[in-house]
Amino acid sequence: MGEDRHIRSPRLAFVAALLLSASLGTIHAFSVLIEPLESSYQANRGAVSFIYSLALVSLTVAVLLSHRVFERCSPAAIILTVAGGVSFGLLTAGMGDTLFSAILGYGLIFGFANGLGYALALQLAGHAYPDRRGIFMGAVTAIYALGALLQAQFLQTFLDAFGLGGAFYAWAISLVLFIIMAAAAARKSAIGLSKEPAKSRVAAKPLAKAHLAWLWTGYFTGCTAGLMAIGHAAALVSAAGGSAALAALGIVIISLGNGVAGLLAGYGADRFSLRLLMATLPVISIVGLLALAVVDDPAAAIVALGVVGFAYGAIISIYPVAASRFFGLAAGAKAYGIIFTAWGVAGMVGPLMAGHFYDSSGSYALALYLAAGIAVLSSLAIVFMPKVNPT
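Everything numeric in this text was worked out from a predicted model, so none of it was measured.

Within the protein, the regular secondary structure consists of 13 helices and zero strands. On C-alpha atoms alone, the protein measures out to a radius of gyration of 20 Å, which is about the 21 Å that the 2.2 N^0.38 rule sets for 391 residues. Principal-axis analysis of the C-alpha atoms places the extent of the protein at approximately 60 × 45 × 30 Å. A buried classification covers 61% of the 391 residues belonging to the protein. Pairs at least 24 residues apart make up 85% of the contacts formed inside the protein by residues separated by at least 6 positions. Accessible area for the protein stands at about 14,500 Å²; split by element, carbon and sulfur atoms hold 69% of it. Averaged over its 20 positive side-chain charges, the protein has a centre that lies 20 Å from the centre of its 13 negative ones.

Below, the discussion takes up the nonpolar core. The biggest cluster of nonpolar side chains holds 131 residues, and the ones touching the most others in it are Tyr106, Tyr219 and Trp343. The biggest single contributor to this core is helix H6 (residues 133-189), with 21 residues. Excluding residues that lie within four positions of it along the chain, tyrosine 106 makes contacts with Ile27, Phe30, Ile51, Ala55, Gly89, Leu90, Ala93, Ser101, Gly111, Phe168 and Trp171.

Within the structure shown, the criterion is met by 21 aromatic pairs. Ring pairs connect the aromatic residues Tyr118, Tyr144, Tyr219, Tyr319, Tyr336, Phe340 and Trp343, which therefore count as one cluster.

Where helix H10 (residues 274-294) contacts helix H13 (residues 365-384), the two axes come as close as 8 Å, and the packing angle between them is 170°. Viewed along their axes, H10 and H13 adopt a mutual orientation that is roughly antiparallel. Two secondary-structure elements touch here, H10 through Arg275, Met278, Ala279, Pro282, Val283, Ile286, Leu289, Leu290, Leu292, Ala293 and Val294 and H13 through Ala365, Leu368, Tyr369, Ala371, Ala372, Ala375, Val376, Ser378, Ser379, Ile382, Val383 and Phe384.

Rules of the game
In every chain, residue numbers begin from 1 and rise along the written sequence. Local features in this predicted model are restricted to residues whose pLDDT is 70 or higher, and side-chain atom pairs enter the listing and the counts only when it is 80 or higher, whereas totals over whole chains, interfaces and linings include all residues. For the side-chain quantities, the full set of heavy atoms in the structure was used; hydrogens and water were omitted. The secondary structure listing takes helices from DSSP runs of H or I that are at least 4 residues long and strands from runs of E that are at least 2 residues long, numbered from the N terminus. Only the C-alpha atoms count toward the radius of gyration. The rule for a globule is 2.2 Å times the residue count to the power 0.38. The buried label goes to any residue with under 20% of its type's maximum accessible area, the exposed label to any with over 50%, and the partly exposed label to all in between, with areas taken from a 1.4 Å probe on protein chains only. Contacts: residue pairs with any heavy atoms within 4.5 Å of one another. Only the protein chains shown count as cover for residues, and all accessible areas are computed by the Shrake-Rupley method using a 1.4 Å probe. The sign given to each residue is positive for Lys and Arg and negative for Asp and Glu; His and the chain ends receive no count. To locate a charge, take atom NZ for lysine, CZ for arginine, CG for aspartate or CD for glutamate. We define the nonpolar core as a collection of buried residues of types Ala, Val, Leu, Ile, Met, Phe, Trp, Tyr and Cys that are connected through side-chain atoms lying within 4.5 Å of one another. Two aromatic rings, drawn from Phe, Tyr or Trp (for Trp, its six-membered ring), form a pair once their centres lie within 6.5 Å of each other, and the interplanar angle then sorts them: stacked below 30 degrees, edge-to-face above 60, tilted otherwise. Working convention: axes come from line fits to C-alpha atoms, limited for helices to the stretch in contact. Angles between N-to-C directions cover 0 to 180 degrees. Angular relationships are summarised with four words: roughly parallel below 35 degrees, roughly antiparallel beyond 145, roughly perpendicular across 65 to 115, and oblique for the angles in between.

The following block contains the structure:
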């Protein structure tokens, strides 16, 4: 009886968010596909990296527009739409015999469906537990990262057994099953996202455009390094002399660091200064990037990837919480959509930058040094941002 009328079962809403997020986070297992795509389509590293970068841009556009969909459709209907987009995108990527089919299916269709579902998962968690949104929204970003960890192993198995096309088909089938379960849980929870939850302590309030600009800059520069490393994780380990098995382990470690950080950052966001956390996390990323640039041992490279993944996972967990604190949950969806465009730009810049420098020099070192320099700007953006007092 005490529950908000829009949320009859917070637990089911949260289960739906976790199932959806875990399924969609598999998009970040892309680096397993880099070498098979190069071999199948006789493409260079930069061209293949464009597929992943375009998927992140498509994902970003979906997050930016998602608040309009949330106002008009039920969560279950949106999730079923996401299931259709995910399956169609991956099947399109698998059925074609040119690089264009992967660009269209994975980069555009799968990426857009992924973004719509990820934004919904965050909102489901925030509306389910508005007084503890840090830990619950953090859990959504954490499980998103862990989805890539699990899928990296499955993808390698699919590739070995069925080849590139068969791997895409198997991927589509496995994701749709989980997403349909998420739709069922969301429907039974009977939630709605169009209004602020009654339990929320945060009243919607305007935030100066200057603050949005600083937050956008901090998010862009903080995410660039992480997305570059995630998009080339397996290749970075291979470049350090690692085997195919160690390269797959690199994805596992960076995803594990990402996921653990999401939980810890969500917990910290409910208890410590958001501004302090957002300014400190990029420094951790810098340490991992510089280590990746100088080591030539695959085991050391895997550890460094874990450090970068940890910093990235914490950053992407903190910013949606900050948006909801500054704006309130309902308006925060729109605000985060604007800030999240920085993630899309970072997704285009980071992986493409790494691919370009690798093609031109045969090494990732220059890209890693540049990414470390960019990460410095993330800390500075938060340090110099005008004072803001989240509720």
